[in-house]
Amino acid sequence: AGTLLPRVRELVGGNPILLIGTKLDLLPRGTEPERVADWLRGAARKIGGVVDVHLVSSKSGDGLQAAARALLAERRGRDL
């Protein structure tokens, strides 16, 4: 089922959130990653302030470069 911190907004204040779903390589065969990302976007609407969603796999490396680029772009000189 995964975890979305119910109090994440309380923890990060007004800072933007880049939601990164991990274990992309463990999705069942035939699962469309974009549909999973869409589901995460829908779930994230409840907490608000989510600027982007990325799915990654540290095992295969899929999605890591795009997620890293998004982090750097969203950083805008701020600490992460």
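Residues numbered from 1 in each chain as written. Predicted model: local features only at pLDDT ≥ 70, side-chain atom pairs only at ≥ 80, totals over all residues. Heavy atoms only, no water.

Could you give an account of the side chain of Ser-57, with specific residues and numbers?
Checked against the element boundaries, Ser-57 lands in the loop between β2 (50-55) and α3 (64-75). With a relative accessible area of 1%, Ser-57 lands in the buried category. Among the polar contacts made by the side chain of Ser-57, one reaches the main-chain amide nitrogen of Lys-59 at a distance of 3.3 Å. Sequence-distant contacts of Ser-57, defined by excluding residues within four places in its chain, comprise Leu-24, Asp-25, Asp-62 and Leu-64. (Helix = DSSP H or I, 4+ residues; strand = E, 2+ residues; numbered from the N terminus. Buried < 20%, exposed > 50% of the residue type's maximum accessible area, 1.4 Å probe, protein only. Polar contact = N/O pair within 3.5 Å; in protein donor to acceptor, adjacent residues only side chain to side chain. Contact = heavy atoms within 4.5 Å.)

Break down the pairing of strand β1 (residues 17-21) for me, citing the residues and quoting the values.
Counting buried positions along β1 yields four of five residues, so the element is predominantly enclosed. Note that β1 and β2 share five bridges and pair parallel. Paired with Leu-19 across the strands is Val-53, a residue of β2. Between the parallel elements β1 and β2, the chain passes through helix α2 (residues 33-44) in a crossover that is right-handed. (Pairing = 2+ DSSP bridges. Right-handed = clockwise from strand over helix to strand, strands pointing away.)

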